[in-house]
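As a plain string of letters, each chain reads:
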Amino acid sequence: MAAKKASEERRRIHLEAGSLDYRLRRHPRRQRRLSLLVSPRGDVEVRAPLAARQPEIDALLRRHEAWLWQCRERAAKQSLPAAPSQSGDAVFYLGEIYTLRLVSGRGGKLDEAAKVLELAVTEQRPASVQAALQRWYRRRAEAYLAERLALWAQRASWLQALPPLRLRRMRSRWGSCSQRAICLNTRLMMAPPACIDMVIVHELCHLREMNHSRAFYALMTELMPDWRQHSALLDSLTPQLMLD
């Protein structure tokens, strides 16, 4: 029997205050219950198990209608920059701001002294530039995040082995974990190093405390005493880093 695959589609629901467009994502294994997310730009996403029925999804959206409109109204008032798409645009890398310079070809070259990211693209359309930039971040993430995870795992006394690392580009979460692996968002490569470490520490602590209890936060403080400072900074940067 073929394994069921994840799916994603755009849908619309008519609520009391008006019509709402949202993205519905279904996953056969990762998603065990319905959840609702709103991006910094106000995009609504419902995550659902494959077995979830449409009436259940509609009921979730109706229960949280007031909150959804509040989030969208707050997002509309924010002056968020557009995602980088042309030479001269600003891009983030490890908390520093670089100037994007587009050239023909493949790959990318970082000039740390001049604070320039030279990115090779096949065509200078916004979608192509974003795709090339995402590939560049992922290549950087493969080595950097693996190294940081190994370092912090050594300091976590409750771990007996280095957990496997998976990388994904996520729209609303910086990381997640299960008993099988730790998953980190490739967008983390835009954040300051201390914020990246804080996310890694957060996920490592979940391997012992799969909750957000006092015991969990005590474990975080034990491993990284100043984690709250880095968490607050990442929260403030999130609207700029979760651009699409």
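Residues numbered from 1 in each chain as written. Predicted model: local features only at pLDDT ≥ 70, side-chain atom pairs only at ≥ 80, totals over all residues. Heavy atoms only, no water.

Trainee: Could you clarify how one ought to interpret the overall build of the protein in this entry?
Mentor: Tallying secondary structure elements over the protein gives six helices and 11 strands in all. Its C-alpha radius of gyration of 20 Å places the protein within 12% of the 18 Å reference for a compact globule of 244 residues. Dimensions along the principal axes, computed over C-alpha positions, put the protein at roughly 55 × 50 × 45 Å. Here the protein, with 244 residues, has 43% of them falling under the buried criterion. In the protein, of all internal contacts separated by at least 6 residues, the share reaching a separation of at least 24 is 47%. (Helix = DSSP H or I, 4+ residues; strand = E, 2+ residues; numbered from the N terminus. Rg over C-alpha atoms; globule rule 2.2 N^0.38 Å. Buried < 20%, exposed > 50% of the residue type's maximum accessible area, 1.4 Å probe, protein only. Contact = heavy atoms within 4.5 Å.)

Trainee: Help me understand the sheet that holds strand β8 (residues 116–121), please; the structure alone is not making it clear to me.
Mentor: The strands making up a sheet associate through hydrogen bonds between their backbones, and the pairing can be parallel or antiparallel. Pairing is mixed across the open sheet formed by four strands, whose spatial order is β5-β6-β8-β7. Because the sheet does not close on itself, it has two edges, and the strands there are β5 (90–93) and β7 (108–111). On average, each strand axis in the sheet is tilted by 35 degrees relative to the strand beside it, whichever way the strands run. Alignment of β7 against β8, held across four bridges, turns out to be antiparallel. (Pairing = 2+ DSSP bridges. Axes fitted to C-alpha atoms, helices over the stretch in contact; angles between N-to-C directions.)

Trainee: What is the right way to read the pattern of salt bridges from this model?
Mentor: In a structure, side chains of opposite charge can pair up when their charged atoms sit close to one another. What the rule picks out here adds up to 12 salt bridges. Among the ionic pairs, E8 bridges to R25, the shortest N-O distance being 3.4 Å. Remark: R25 occurs in strand β2 (residues 18–27) and E8 occurs in strand β1 (residues 7–15); sequence separation between them is 17 residues. A salt bridge links R23 to E45; its shortest N-O distance comes to 3.5 Å. Of this pair, R23 sits in strand β2 while E45 sits in strand β4 (residues 44–49), and the two are 22 residues apart along the sequence. The exposure class of R23 is buried, given its relative accessible area of 14%. You can call E45 buried: its relative accessible area is 4%. (Salt bridge = Lys/Arg side-chain N within 4 Å of Asp/Glu carboxyl O.)

Trainee: Mind showing me how you'd approach the sheet that holds strand β11 (residues 182–185) here?
Mentor: Strand order across the open sheet formed by three strands is β9-β11-β10, with mixed pairing between neighbours. Two strands close off the open sheet at either side, each with one partner strand: β9 (165–168) and β10 (175–177). Direction aside, neighbouring strands of the sheet carry axes that sit 20 degrees apart on average. Along the sheet, helix α3 (residues 126–155) makes contact with β9 and β11, crossing β9 at roughly 145 degrees.

Trainee: Where do I start with the pairing of β1 in this structure?
Mentor: Regular strands place their side chains on alternate faces of the sheet. In this sheet, β2 lies alongside β1 in antiparallel orientation, the contact comprising nine bridges. By the bridge assignment for β2, R12 is matched with D21. The turn linking β1 back onto β2 is made up of two residues.

Trainee: Could you clarify how one ought to interpret the packing of aromatic side chains in this entry?
Mentor: The way to describe two aromatic rings as a pair is by their centre distance and the angle between their planes. Applying the stated criterion across every chain, the model contains five aromatic pairs. On the numbers, 6.2 Å between centres and 70 degrees between planes, the contact of Y93 with Y98 is edge-to-face. The buried category is assigned to Y93, whose relative accessible area is 8%. Centre to centre, the rings of W136 and Y137 are 5.5 Å apart; their planes meet at 65 degrees, and the pair counts as edge-to-face. Neither W136 nor Y137 differs from the other in exposure class; each is buried. These aromatic residues form a ring-pair network of at least three members: Y93, Y98, W136 and Y137. Note that R155 overlies the ring of W152, its terminal NZ or CZ placed 4.5 Å from the centroid. (Phe/Tyr/Trp six-rings, centres within 6.5 Å; stacked < 30°, edge-to-face > 60°. Lys NZ or Arg CZ within 6 Å of the ring centre and 35° of its normal.)

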